[in-house]
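Geometric and topological summary
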Amino acid sequence: MAAKTLESVANKRKENRYPIALRCKTEEGDGMEEQLLEISYSGCRFTSPVIFKRDETIVLHLPEAKHGHEIAGSHYLLGQIMWEKVGVHQRSEYGVQILNPSPKIFGLSPEES
């Protein structure tokens, strides 16, 4: 049996993924540039200069989102880091399992995605 590569594991998804370019913020980012790259009903991929560890719980604030969960007027996703890909130019990519999925944020539901 062939060994699983990071690429093959990273491409397994329960739902369809949709490319998106949306600014996001983490509390750890302290205003640094972070961006959502892909979204599905129960997961997302984003970039950040912050170093997160696998299994770490994070809050992704979505200042441009119009619907969904809110904290102090900011829409957010609560997630757990599932994988990390250390990048160049001090930026890394992260795969996140969304712990509070809401079809209201992007109009996605488990049936459609």
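As a starting point, this report considers the structure included with it. (Residues numbered from 1 in each chain as written. Predicted model: local features only at pLDDT ≥ 70, side-chain atom pairs only at ≥ 80, totals over all residues. Heavy atoms only, no water.)

Thoughts on the overall build of the protein chain
The condition that has to hold: Strands here are runs of E lasting at least two residues and helices are runs of H or I lasting at least four, both read from the DSSP assignment and numbered beginning at the N terminus. Only protein chains enter the area calculation, which uses a 1.4 Å probe; residues under 20% of their type maximum are buried, those over 50% are exposed, and those in between are partly exposed. Throughout, a contact is declared for two residues whenever any of their heavy atoms are within 4.5 Å.
If you tally the helices and strands in the protein chain, you get two helices and seven strands. Secondary structure elements of the protein chain, listed N to C terminal, follow the sequence α-β-β-β-β-β-β-β-α. Within the protein chain, buried positions represent 40% of all 113 residues. Counted over contacts in the protein chain with a minimum sequence separation of 6, partners at least 24 positions apart contribute 50%.

So, the pairing of strand 2 (residues 34-39)
Working note: regular strand, side chains alternate between the two faces of the sheet. This is how the line gets drawn: Strands were regarded as paired on the criterion that DSSP finds at least two bridges between them.
The sheet contact formed by strand 1 (residues 18-24) and strand 2 spans five bridges and is antiparallel. Bridge pairing in strand 2 links Arg23 to Gln35. One ladder, built from four bridges, connects strand 2 with strand 3 (residues 43-48); its direction is antiparallel. Bridge pairing links Glu38 to Arg45 in strand 3. Hairpin geometry of strand 2 and strand 3 is characterised by an intervening segment of three residues between the two adjacent antiparallel strands.

With respect to the side chain of Glu15
Note the following rule: Side-chain atoms alone can form a polar contact between residues adjacent in sequence; in general such a contact is a pair of N or O atoms within 3.5 Å, and within protein one must be able to donate a hydrogen while the other accepts it.
Looking at where Glu15 falls in the secondary structure, it is placed in the loop between helix 1 (6-10) and strand 1. By relative accessible area, Glu15 is classed as buried at 13%. Within the local environment of Glu15, its side chain forms a polar contact with the side chain of Ser40, the two groups lying 3.4 Å apart. Within the structure, the side chain of Glu15 is placed 2.7 Å from the side chain of Ser42, a separation counted as a polar contact.

Re unusual backbone geometry
The general pattern is negative phi for most residues beyond glycine and trans for most peptide bonds. Its identity is not glycine, yet Asp55 carries a phi of approximately 75 degrees, on the positive side. Take Asp55: it is sitting in the loop between strand 3 and strand 4 (57-62). On the accessibility criterion, Asp55 (48% relative accessible area) is partly exposed.

Overview of the state of the cysteines
Selection criterion: Two cysteine sulfurs form what is called a disulfide whenever their separation falls within 2.5 Å.
For the structure on display, the rule yields zero disulfides. Between Cys24, a free cysteine, and Cys44, which holds the nearest cysteine sulfur, the sulfur-to-sulfur gap is 7.5 Å. Judged by relative accessible area, Cys24 falls into the buried class, the value being 2%. Given a relative accessible area of 8%, Cys44 falls into the buried group.

Considering the nonpolar core
Short version of the rule: Here, nonpolar core means buried Ala, Val, Leu, Ile, Met, Phe, Trp, Tyr and Cys residues that are tied together by side-chain atoms lying within 4.5 Å of each other.
Formed by 16 residues in total, the largest nonpolar core has its most connected members in Leu36, Cys44, Phe46, Phe52, Ile58, Leu60 and Ile81. Breaking this core down by element, the ones donating at least two residues are strand 1, strand 2, strand 3, strand 4, strand 6 (74-86) and strand 7 (92-98). Here Leu60 is in contact with Cys24, Lys25, Thr26, Leu36, Cys44, Phe46, His75, Tyr76 and Leu77, once residues within four sequence places are set aside.

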